[in-house]
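Tertiary structure, described
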Amino acid sequence: MTTPSKIDSPTLWDSKEMQRRTARRYRQERIFRAAGLGAVAISALFLVVLLGNIISQGTGGFFQTYIETEVELPVKVLGDPRTMTPEEFANSVRRANMLGLVAKSLEETFPEVTSRSEKRALIKIFSTGVRGQLAQFVTENPNVVGTRQKLWLLASDDIDQVVKGNIDTETDEGDRRVSDRELAWLQKLEDAGRVDVKFHTTFLTSGDSRNPEMAGVWGAVVGSALTLFVTLILAFPVGVLTAIYLEEFAPQNRFTDFLEININNLAAVPSIVFGLLGLAVFIGTMHLPRSAPLVGGFTLALMTLPTIIIASRAAIKAVPPSIRDAARGLGASPMQVIFHHVLPLAMPGILTGTIIGMAQALGETAPLLMIGMVAFIVDIPSGITGAATALPVQVYLWADSPERAFAEKTSAAIMVLLFFLIMMNAVAIKLRQKFERKW
Amino acid sequence: MTSSAISVIILLLSLAAFAAGRQRSLATVGGRRSDLHSLPRHYGYFAASLVILPSTLILVLWLTFGDFVLERMTMNSIPEGAVATEGVEDHLVLNRVRIAVDQGDRVEKDPTILAAAKFYREAHGEAVWVTFAAALLAGLAGLAFALKATSPEFRARNKVETIMRVVLIACSTLAVLTTVGIVASLLFESLRFFQQVPISEFLFGLKWSPQTALRADQVGSSGAFGAVPLFAGTLLISLLAMAVAGPIGLLAAIYLTQYASGRVRAVAKPALEILAGVPTVVYGFFAALTIAPLFRDMGLSVGLDIASESALAAGVVMGIMIIPFVSSLSDDAITAVPRSLSDGSLALGATPSETIRKVILPAALPGIVGAFLLAVSRAVGETMIVVMAAGMQPNLTANPFEAVTTVTVQIVALLTGDQEFDSAKTLSAFALGLVLFVVTLFFNMIAIRVVRKYREIYD
Amino acid sequence: MKKYLLGTIAALAFIGSTGAHAQSRDQIRIVGSSTVFPFSTAVAEEFGRTTNFKAPIVESTGSGGGLKLFCGGVGTAHPDITNSSRRIKQSEVDMCAANGVSEIVEMKIGFDGIVMAAAKTSPSMTLALHHIYLALAAQVPAPGTDGGEGHLIPNPFKRWNEIDPSLPNEEIVVLGPPPTSGTRDAFVELALEVGCDFFKGNAALKKSNENKHKQVCQTVREDGAYVEAGENDNLIVQKLQADGRAVGVFGYSFLDQNSDVLQAFPVAKDDAEAVEPTFEAISSGDYPVSRSLYVYVKKAHVGVVPGIKEFLTEFTSEATWGDMGYLADRGLIPLPEDERATVAEDVAALKPLSLK
């Protein structure tokens with residue numbers, strides 16, 4: 001069946017054919033629209049899954065299992081605080097066999113444990129960090145020596161994982177890290193109400209550790225802060241001054257063109273290439289110390305420089321010419337026009353761009369791997385020339401650690417990292433909202 | 001007296017110079033400002049910069065070379081053979097001296113070292129004073145010159161502005177220096193690499209196995225540096241990433257610019273920005289621990305053998321990462337299409353989707369192509385996701401279920417740890433870096449070209 | 001103008017703080033084997049907590065890479081201590097000496113077994129050393145021959161059961177460490193070479209043409225069946241869990257940490273009974289692929305970088321490396337008691353190493 005073409009006659013809108021066609025076009029319209037909505041929804045879904053995944057895994061990292069224990073603190077073991085100077089006492093406490101004290105108190109709770117190997121297994125339900133925990137407690141409260149104290153002591157990472165439900169206790173005994181015997185002990189303590197999961201400040205205040213229950217992010221946070229400090233000091237002034245030059249003073253010539261193309265290209269260079277540069281130039285040629293925030297800062301500064309320059313140029317360009325004309329009309333020199341009028345007006349935009357650049361630098365890992373900021377460092381870094389790691393590198397290091405409990409520590413460290421990033425971006429957004437002007 | 005204290009004093013001096021210069025200029029005209037060529041404060045700035053520049057120069061010189069000279073002096077002060085050096089190099093003794101300087105006799109007991117430490121401390125103290133005096137003198141000389149020059153006719157503002165202009169130019173050249181530094185360091189090390197491995201083998205060789213012998217008596221590692229499997233792996237993962245990010249990013253941009261209500265936009269755009277702001281190491285962790293096992297399990301349930309480090313997992317997660325990149329750049333390109341074009345199309349009875357497909361997209365095409373190219377260059381250079389989620393196996397395959405390795409993964413693998421700058425293994429990382437740099441540069445250049453061309457149509 | 005002043009102040013203060021005077025190094029720097037890494041970091045941490053010294057900085061670079069850095073020279077730019085999962089080689093001692101590192105103190109810290117393991121879900125197998133050789137060497141004896149000159153062919157084996165019908169019908173995929181790793185050196189020496197000599201023709205080569213013997217017995221195939229999985233033994237463990245075909249080669253301590261997800265294969269020497277890699281079998285020497293772990297200290301740095309001696313004391317204390325020490329908890333197999341005493345004494349006296 002063929003329908004004659006009706007080019008010359010007016011369109012028959014209510015013909016069947018036409019209605020079918022319109023229906024098809026509308027259907028296509030709906031499908032297209034749905035696809036667009038779907039794309040947005042998928043992106044949002046990814047975000048939710050990503051963040052949800054991190055948060056659900058990481059929240060546990062801020063908490064740690066503690067076991068209540070009544071510990072005898074005899075003078076004989078710890079030393080007498082009344083006859084010693086505080087420093088001597090601290091040294092004596094540090095050397096004391098704290099685990100022995102804890103073991104003794106466990107003997108009272110578990111009189112049925114008698115064999116040497118069992119006792120050894122029993123003390124393993126506590127973290128080795130108990131030593132430091134007890135030492136700190138005693139040093140800070142010298143008057144507890146000679147008394148019995150009920151204390152909440154840190155449990156080992158395996159016990160902690162059982163209590164948090166991250167280890168499946170139903171599986172075959174050989175297939176898990178915690179034996180049935182240890183589970184029975186844990187059960188007894190739990191029945192007595194002596195096991196509790198508490199907020200774990202150590203995670204936020206201490207440096208790295210091989211023991212997940214004692215590991216903290218503070219060392220990495222300080223390392224990141226030192227690195228970013230160097231980056232900011234270097235990249236901000238240089239970036240802003242470059243932007244001023246290019247936007248206001250540079251003559252239109254080959255060199256300026258080259259400069260501009262150059263900066264745009266630098267913005268697209270992969271970060272790992274900057275790491276190679278840092279390795280070859282700062283460490284290889286200039287012999288600056290390896291693993292130091294100084295070198296990390298230099299490297300990241302070169303990386304963020306294009307971002308800051310581009311943002312600053314945009315901000316300077318956004319200041320309307322009328323401002324410049326007015327200032328110049330009143331006799332200001334070009335330099336005065338810039339520094340007295342244009343720059344202050346462009347400052348919010350420049351700062352926003354700088355903060356975003358710094359946030360990028362904070363999340364950057366690859367270049368830091370190249371310059372050796374991936375060592376195991378317990379101490380909190382003290383200066384920009386000492387060895388340090390940074391927050392994202394810490395995430396990378398922990399992600400690779402075999403101990404199961406590091407998985408949640410990694411997620412928790414990511415949460416800390418994201419917190420800082422969100423704070424920085426929030427400041428940038430506030431700044432933009434507060435000072436944004438429509439000319 | 002530390003160098004920070006000296007900096008503070010220089011600063012105070014320059015403040016004083018500012019005040020002095022200002023006063024002086026006013027004094028020369030008896031307080032009648034209008035007689036001065038420049039504003040009084042310009043004379044102040046001029047004086048201050050003449051103080052800061054020479055004295056900072058001296059301070060920088062001291063910081064760069066001072067310690068070296070002092071060390072030499074200290075080492076010379078130690079009597080020959082007084083320390084049991086036994087052929088051990090000087091800098092070891094020097095570290096002991098430094099520790100003794102820092103910590104006194106807590107660790108160090110050797111009297112010679114302690115004496116040297118004392119010498120160092122004293123010499124350091126003297127040298128700091130000398131530096132301080134020199135900096136002060138230079139500053140004062142600058143000040144004197146500035147004050148002498150100050151007269152009503154003196155064009156202080158122009159001088160200050162010239163100084164400022166020089167500083168501005170100096171800052172802008174740093175960006176160039178960075179590029180020069182990148183190119184030089186990559187090229188220099190790569191050339192050394194190509195002396196050991198022919199460039200044709202590197203670029204076209206099909207086998208990557210950088211197991212060179214580390215010692216003379218180690219056998220069994222011939223070392224093959226054919227980088228094609230790495231390029232192929234990088235390409236595969238980047239294509240997978242684009243397969244995810246391209247359609248989703250573009251459709252999201254279209255929806256957000258053409259259909260979404262203001263409220264949806266207000267929520268969705270920041271959400272996309274968050275996706276862009278998440279550090280790549282987080283994506284890597286997510287890919288390795290969540291996505292890769294998920295894909296593997298999904299594969300097993302339908303009878304597919306998906307490697308744990310499949311290109312698929314790394315590619316998909318990388319795709320998620322660059323969605324916001326594609327969408328925001330495409331967004332810009334679409335919004336830049338003149339309203340009149342779409343209005344015209346709609347007025348002729350086209351549905352919105354027809355308008356988008358037949359009118360807006362073709363018009364925005366150059367911008368979108370540019371966006372895609374930039375996204376590809378981003379994917380090619382991305383490191384952490386592939387380091388954590390892709391493999392080390394240099395497989396030459398197009399099967400996304402298998403493990404492949406990428407250029408960036410190999411750079412990290414080759415350079416973390418062994419840091420000697422002489423083995424072909426280490427140097428090959430720089431050659432890979434050079435390739436990476438050139439390729440991303442190429443994509444970026446093309447992208448900029450395409451976008452420029454498109455601008456010419458409507459401006 | 002105030003802003004610019006503030007900026008100048010910050011910049012000057014920064015200049016002032018960077019180079020006040022070149023920094024002395026008061027922190028021990030340790031590099032080397034990823035197998036020893038968990039042990040030395042544990043000691044480093046404990047050392048930092050219980051003494052007035054700063055905790056040492058530990059980097060995992062592989063035994064070979066570590067020794068290379070270590071032998072780079074004396075002075076604060078070079079590490080003080082390197083960990084190694086094999087004994088230092090004469091060539092490395094020479095390299096050290098050439099760079100002025102003349103005196104090295106060797107500290108044997110314990111044993112580690114090199115295990116071949118796969119995920120629990122993979123099929124299990126019982127391997128003999130010559131199976132391992134046949135699976136991983138670049139050249140193997142031609143069918144029906146005993147190897148040796150003229151009887152070698154490039155490795156044709158793609159599946160385990162082609163080597164021996166008792167092995168499963170699975171593709172050969174072995175994830176192992178790269179040449180910078182001591183695990184690799186030890187594995188080549190203890191497994192490949194021994195398995196290689198199982199074939200008489202190969203064994204005869206040792207006398208007739210030592211270089212050829214080395215090449216035949218120590219060259220690992222590079223056709224994709226053996227995959228360099230990087231220095232990081234942890235990564236190998238993670239990869240095994242997901243890839244069912246793959247067999248991993250790594251240190252016993254990693255098996256110990258992951259006993260819930262991995263199964264180790266029993267290994268037999270020649271035609272003897274296969275032995276499971278257990279704590280007891282390794283310390284007794286019954287398990288054929290076991291090795292000693294070492295820590296090397298630059299004597300010239302002792303007394304220069306503070307704390308090295310004290311660190312060694314901490315390392316050699318019973319509470320650390322003894323049968324009940326915390327290193328044993330991390331999977332280190334302690335030395336016998338009398339050997340511990342000798343090593344501790346030598347280390348305390350900083351007795352320099354001599355390989356002869």
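Residues numbered from 1 in each chain as written. Chains lettered and ligands numbered in written order. Predicted model: local features only at pLDDT ≥ 70, side-chain atom pairs only at ≥ 80, totals over all residues.

Regarding the overall build of chain C
The cut-off we apply is this: Strands here mean DSSP runs of E at least two residues long; helices mean DSSP runs of H or I at least four residues long; both are numbered from the N terminus. Backbone-placed C-beta atoms define the burial measure: a residue is buried with 20 or more other C-beta atoms within 10 Å of its own, exposed with 12 or fewer, and partly exposed in between. Our contact criterion uses C-beta atoms placed from the backbone: two residues qualify when those atoms are within 7 Å.
Helix and strand counts for chain C come out as 16 helices and 13 strands. In chain C, which comprises 356 residues, the share counted as buried stands at 56%. Sequence separation of at least 24 residues holds for 72% of the intrachain contacts in chain C that already meet a minimum separation of 6.

A word on the sheet that holds strand β1 (residues 63-72) of chain A
Residues and elements named next belong to chain A. Convention followed: By definition, two strands form a pair when at least two bridges between them are found by DSSP. Fitted lines through C-alpha atoms serve as axes, helices being fitted only where they are in contact, and the angles separating the N-to-C directions of these axes extend from 0 to 180 degrees.
Reading across the sheet, the 3 strands line up as β2-β1-β3 and stay open at both edges, with antiparallel pairing between neighbours. The sheet is open, and its two borders are formed by β2 (148-154) and β3 (195-199), each paired with just one other strand. Averaged over all pairs of adjacent strands, the angle between strand axes in this sheet comes to 40°, irrespective of strand direction. When β1 meets β2, the two strands line up antiparallel, connected through 7 bridges. Bridge assignment links Y66 to a residue of β2, and that residue is L154. Its contacts with the sheet place helix α4 (residues 98-109) against β1 and β2, and it is angled at close to 80° to β1.

Regarding the interface of chain B and chain A
In plain terms, the rule: For this classification, the nonpolar set comprises Ala, Val, Leu, Ile, Met, Phe, Trp, Tyr, Cys and Pro, the charged set comprises Asp, Glu, Lys and Arg, and every other residue, Gly included, is treated as polar.
Listed as interface residues are 66 residues of chain B and, on the opposing side, 64 residues of chain A. Tallying contributions element by element places helix α5 (residues 156-196) of chain B first for the side of chain B that touches chain A, with 19 residues. Grouping the constituent residues of the side of chain B that touches chain A by class yields 44 nonpolar, 18 polar and 4 charged.

Points about the domain arrangement of chain B
Here is the rule: Note that the domain bounds were set by an automatic or database domain assignment.
Domain annotation of chain B identifies domain 1 (3-154) and domain 2 (224-458). Measuring from the centre of the C-alpha atoms in domain 1 of chain B to the corresponding centre in domain 2 of chain B gives 52 Å.

A closer look at the packing of helix α17 (residues 391-399) of chain A against helix α18 (residues 406-435) of chain A
Residue and element names in this part refer to chain A. Inclusion rule: Here the word oblique covers every angle except those under 35 degrees (roughly parallel), over 145 (roughly antiparallel) and from 65 to 115 (roughly perpendicular). By convention, the crossing between two helices is left-handed when the near helix turns anticlockwise from the far helix through less than a right angle, and right-handed when the turn is clockwise.
Remark: α17 packs on α18, axes separated minimally by 9 Å, with the N-to-C direction vectors making an angle of 165°. Taken together, the axes of α17 and α18 lie roughly antiparallel to each other. For the pair α17 and α18, the crossing hand works out as left-handed. Contacts from L391, P392, Q394, V395, W398 and A399 in α17 reach F406, K409, T410, A413, I414, V416 and L417 in α18.

Quick notes on the domain arrangement of chain C
All names here are of chain C. What the domain assignment reports for chain C is domain 1 (24-112 + 292-348) and domain 2 (113-291). Between domain 1 and domain 2, the residue contacts involve 19 residues of the former and 21 residues of the latter. Elements supplying a minimum of two residues to the side of domain 1 that touches domain 2: α3 (63-70) and β4 (104-119). No other element matches α3, which puts 3 residues into the side of domain 1 that touches domain 2. Its residues assigned to classes, the side of domain 1 that touches domain 2 comprises 4 nonpolar, 12 polar and 3 charged.

A closer look at the environment of A314 of chain B
All names here are of chain B. With respect to the element layout, A314 can be found in helix α10 (residues 311-335). Among the residues examined, A314 registers 34 C-beta atoms within 10 Å and is labelled buried. For the pair A314 and I237, spaced 77 residues apart in the sequence, the C-alpha separation amounts to 6.9 Å. Not counting residues within four places of it along the chain, the set of residues in contact with A314 comprises I237, A287, I385, V386, A389 and A390.

Things to note about the packing of α4 of chain A against helix α5 (residues 116-123) of chain A
Between two packed helices, what matters for the description is the angle formed by their axes and the separation of those axes. Residues and elements named next belong to chain A. Where α4 meets α5, the axes come as close as 10 Å, and the angle between the chain directions of the two elements is 110°. Considering the angle they form, α4 stands roughly perpendicular to α5. Packed against α4, whose contacting residues are L99, V102, A103 and L106, the element α5 presents K119, L122 and I123 at the interface. Grouping the constituent residues of the contact of α4 with α5 by class yields 6 nonpolar, no polar and 1 charged.

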